[in-house]
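Residue-level structure breakdown
Here are the chains, one letter per residue:
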Amino acid sequence: MGLTLTEKILKAHVVDGDFVKGNEIGIRIDQTLTQDATGTMAYLEFEAIGVPRVKTERSVAYIDHNTLQSGFENADDHRFIGSVAKKHGIWFSRPGNGICHQVHLERFGIPGKTLIGSDSHTPTGGGIGMIAIGAGGLDVAVAMGGGAYYITYPKIVKVNLTGRLSPWVAAKDVILEVLRRLSVKGGVGKVIEYCGEGVKTLSVPERATITNMGAELGATTSIFPSDEVTLEFLKAQDRAEVWTELSADDDAVYDEEVNIDLSAIVPMAACPHSPDNVKTVAEIGRLKIDQVCIGSCTNSSFMDMMKVAYILKGKTVHPDVSLAIAPGSKQVLNMIAQNGALATMIDAGARILESACGPCIGMGQSPNSGGVSLRTFNRNFEGRSGTKDGQIYLVSPEMAALSALTGYLTDPRELGDMPAFEMPKQFVINDNMVAAPAPEEEMDKVEILRGPNIKPYPETSPLVESIECQVSLKVGDNITTDHIMPAGAKILPLRSNIPAISQHCFTVCDEDFPRRAKNMGRSIIVGGVNYGQGSSREHAALAPLYLGIKAVLVKSFARIHRANLINAGILPLTFVNEADYDKIGQGDEIAIENVRADIEAGKTELTVIDKTTGDRIPVLCELTGRTRDVMLAGGLLDYTRESLK
Ligand code: MIC
Ligand code: SF4
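As for the overall build of the protein
- Scanning the protein for helices and strands turns up 21 helices and 27 strands.
- Taken over the C-alpha trace, the protein has a radius of gyration of 24 Å; the compact-globule value for 645 residues is 26 Å, and the two agree within 12%.
- Seen through its principal axes, the protein has C-alpha atoms that stretch 70 × 60 × 55 Å.
- For the protein, buried positions account for 63% of its 645 residues.
- Restricting the contact set of the protein to residue pairs at least 6 apart, pairs at least 24 apart contribute 77%.
- Entry remark: accessible area of the protein is about 22300 Å², with carbon and sulfur atoms responsible for 48%.

Some remarks on the site of ligand 2
- Taken together, the residues surrounding ligand 2 are His65, His101, Asp119, His121, Ser296, Cys297, Cys357, Cys360, Ile361, Asn378 and Arg384.
- In terms of residue class, the shell around ligand 2 is made up of four nonpolar, five polar and two charged.

Considerations on the nonpolar core
- Within the largest apolar cluster, 98 residues are counted, with the highest numbers of intra-cluster contacts made by Phe506, Tyr531, Leu571 and Leu573.
- Leave out the neighbours within four places in its chain, and Leu573 touches Ala551, Val552, Leu553, Val554, Phe557, Ile592, Leu606, Val608, Val619, Leu620 and Cys621.
- Counting residues in each nonpolar core, the second largest holds 58 residues, with Leu115, Leu287, Val395 and Val434 among its members.

Comments concerning the sheet that holds strand β2 (residues 24–27)
- As summarised here, the arrangement of the three strands in space is β1-β2-β8, forming an open sheet in which the pairing is antiparallel. Unpaired on one side and paired on the other, β1 (14–16) and β8 (149–152) mark the two borders of the sheet. Strand after strand, the sheet turns through a mean of 50° between neighbouring axes, direction not considered.
- Pairing geometry for β1 and β2, over two bridges, is antiparallel.

Description of the site of ligand 1
- Around ligand 1, a shell composed of 14 residues is seen, among which Asp119, Ser120, Arg495, Ser536 and Arg537 lie nearest.
- Between ligand 1 and Gln35, the relevant distance is 2.9 Å, taken from an oxygen atom to a side-chain nitrogen or oxygen of the residue.
- When ligand 1 is considered free in solution it has 340 Å² of accessible area, and contact with the protein chains removes 97% of it.
- Grouping the amino acids of the shell around ligand 1 by side-chain chemistry returns two nonpolar, seven polar and five charged.

Overview of the environment of Ser203
- With respect to the element layout, Ser203 can be found in the loop between β10 (190–195) and α7 (204–212).
- Not counting the four nearest positions on each side in its chain, Ser203 is found in contact with Val229 and Met423.

Re helix α10 (residues 302–312)
- Extensive coverage of α10 is indicated by the burial of nine of its 11 residues.
- Among all positions in α10, only Phe302, Met303, Asp304, Met305, Lys307, Val308, Ala309, Ile311 and Leu312 are buried.
- Buried residues in α10 make contact with α7, β15 (291–294), β16 (322–325), α11 (330–339), α12 (341–348) and α13 (397–406).
- Looking one or two residues past α10, Gly314 carries a phi angle of roughly 75°, positive in sign.

Digging into α7
- Of all nine residues in α7, eight are buried; the element is thus mostly enclosed.
- Turning to α7, its buried residues number three or more, namely Val204, Pro205, Arg207, Ala208, Thr209, Ile210, Thr211 and Asn212.
- In this structure, the buried side of α7 is in contact with α4 (100–107), α6 (171–182), β10, β11 (221–223) and α8 (228–236).

Brief notes about unusual backbone geometry
- With an omega of -5°, the peptide bond between Pro272 and His273 qualifies as cis.
- In this fold, His273 is placed in the loop between β13 (268–270) and β14 (278–280).
- One non-glycine residue with positive phi stands out, namely Ser183, at about 75°.
- Summarising the element assignment, Ser183 is placed in the loop between α6 and β10.
- One non-glycine residue, Ser296, lies in the positive phi region at around 80°.

So, how was this worked out
- Residues numbered from 1 in each chain as written.
- Chains lettered and ligands numbered in written order.
- Predicted model: local features only at pLDDT ≥ 70, side-chain atom pairs only at ≥ 80, totals over all residues.
- Heavy atoms only, no water.
- Helix = DSSP H or I, 4+ residues; strand = E, 2+ residues; numbered from the N terminus.
- Rg over C-alpha atoms; globule rule 2.2 N^0.38 Å.
- Buried < 20%, exposed > 50% of the residue type's maximum accessible area, 1.4 Å probe, protein only.
- Contact = heavy atoms within 4.5 Å.
- Areas by Shrake-Rupley, 256 points an atom, 1.4 Å probe, with all protein chains shown as cover.
- Near = heavy atom within 4 Å.
- Nonpolar A, V, L, I, M, F, W, Y, C, P; charged D, E, K, R; others polar.
- Core = buried A, V, L, I, M, F, W, Y, C linked by side-chain atoms within 4.5 Å.
- Pairing = 2+ DSSP bridges.
- Axes fitted to C-alpha atoms, helices over the stretch in contact; angles between N-to-C directions.
- Polar contact = N/O pair within 3.5 Å; in protein donor to acceptor, adjacent residues only side chain to side chain.

Given below as structure tokens:
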């Protein structure tokens, strides 16, 4: 029986566990990446683990999220990360060098290698045939220390691409179509593998747009084969030597199959407030817009920028629209500066932003009240833009650029004939904004620069004998990590200060939650399906940990967030019968008796007693050997320290 591409790469990297579907397997990690918003915590954890030099083939620390620097905090964090990187063998991509996923694809990604990153869009690397997975900061710290990364052996979905995209229809529309069909929870526990004749019609950046936004499916990762198109891209990056040809066997067996005819896809938009709320332009109708933002790790490649410049050439942005553009990397920005495309954008009235995440994570450019904003990004969760009632639509760069001129959502096919946009044969290469680590013999001389905003990891304790407390919060379905731990210009600077950031935990849903939870001392949270979707931020587990949350009881979890809860020593529980969700209310007194002994004994079904109503609610606590030990120890940090002793 043949193997899928995913299986081939996983098999070559498995170091622990049986290679059987549904099992937990540990894989060796070749590369890691961090960004600054999750990086400070990841490096504090790496320091706490106590391994002097990273053991990976390549680890890179990027600064791309918190680049507004409206106080001392961000600049301090950048210096901290830079100094840790220098000391411990990590490459440091300085602020201004670009968005982690874009730069990693250009300069560091290697087909067939494994990559984990403390950012949920790490699967962008699947665009060049990597198994690239988003993870919590602590998992990345452990991988840097040489530890395995654990995933559930995934189901593998084949997306068979046929045909070719019509003019002005984009890779963004392909992934929007996949999201429309599968939904934001359709990818949980799965790897999405793209195959078929249509693959070779897509360039590497187009493939990367698709794998990037696979994160919004909840998928473990997405991957494309490594073929001649990949080779051409790597050649143009002066990296042909890292190329290997990789694809699935012809007789590979998949768990599910989806067929997509590229020529049948039309321009679409994900409407507020979910990436899977996808409609065609015709279905949305004439929508007046206030703002357009082009950029983010989804759509900020050189080719995206060239298409945008072509559309803007000689025109002026509509008087009612603000257009902001953030090219994804220094390489992209430099190339469009050199070839004149940047001047074309400036001429049309675009507001040029630095190569960073920027508005995607609410760092500036929040739309006006109730404003309609078209963005080429990947997430449009409520409030994420920084404007509570902002109406965010996710679209392709082509649609964004044309709409910025017309003032309303416009189908880019109205542009008529499309010129042939050619991938460059040679990109402009200058890695002068990536600092190399100090040689091993000099690492002791490197001083770690710690600013006053950097506070230690919150206190943990081994799992208690029994849990007796109240329900401090009850929420509904599809709660995102942007609800649990919001980002934006005000809150992001607190990422290395858990006591301070926890004051904002869940305030999007309930302003009183942090105070209430802290007053209760210990409590649990109750939620619906797909709890914790979105970002990989472990702060969505660390802030609840700090506020005394002992367990989270929901209908179902998103993958990374569940792992982060376990890493933080918070019990992840799911209802055996989803209908029991209605039986338990906010403020109820609950008890989970002998929880430690039961988990130690390997029991997976526990009982939550609702002392307020008298109900006995069966719940699942599915922990394997390793995650069980992590939970008993009080979290992954304690467990790793123990196991290194
Ligand atoms: C995001 O897109 O939400 C982020 C900001 O990149 C996050 C990471 C973070 O919260 O720091 C992610 O996707 O993991
Ligand atoms: Fe940055 Fe946005 Fe990409 Fe997250 S999704 S890494 S915030 S550009």
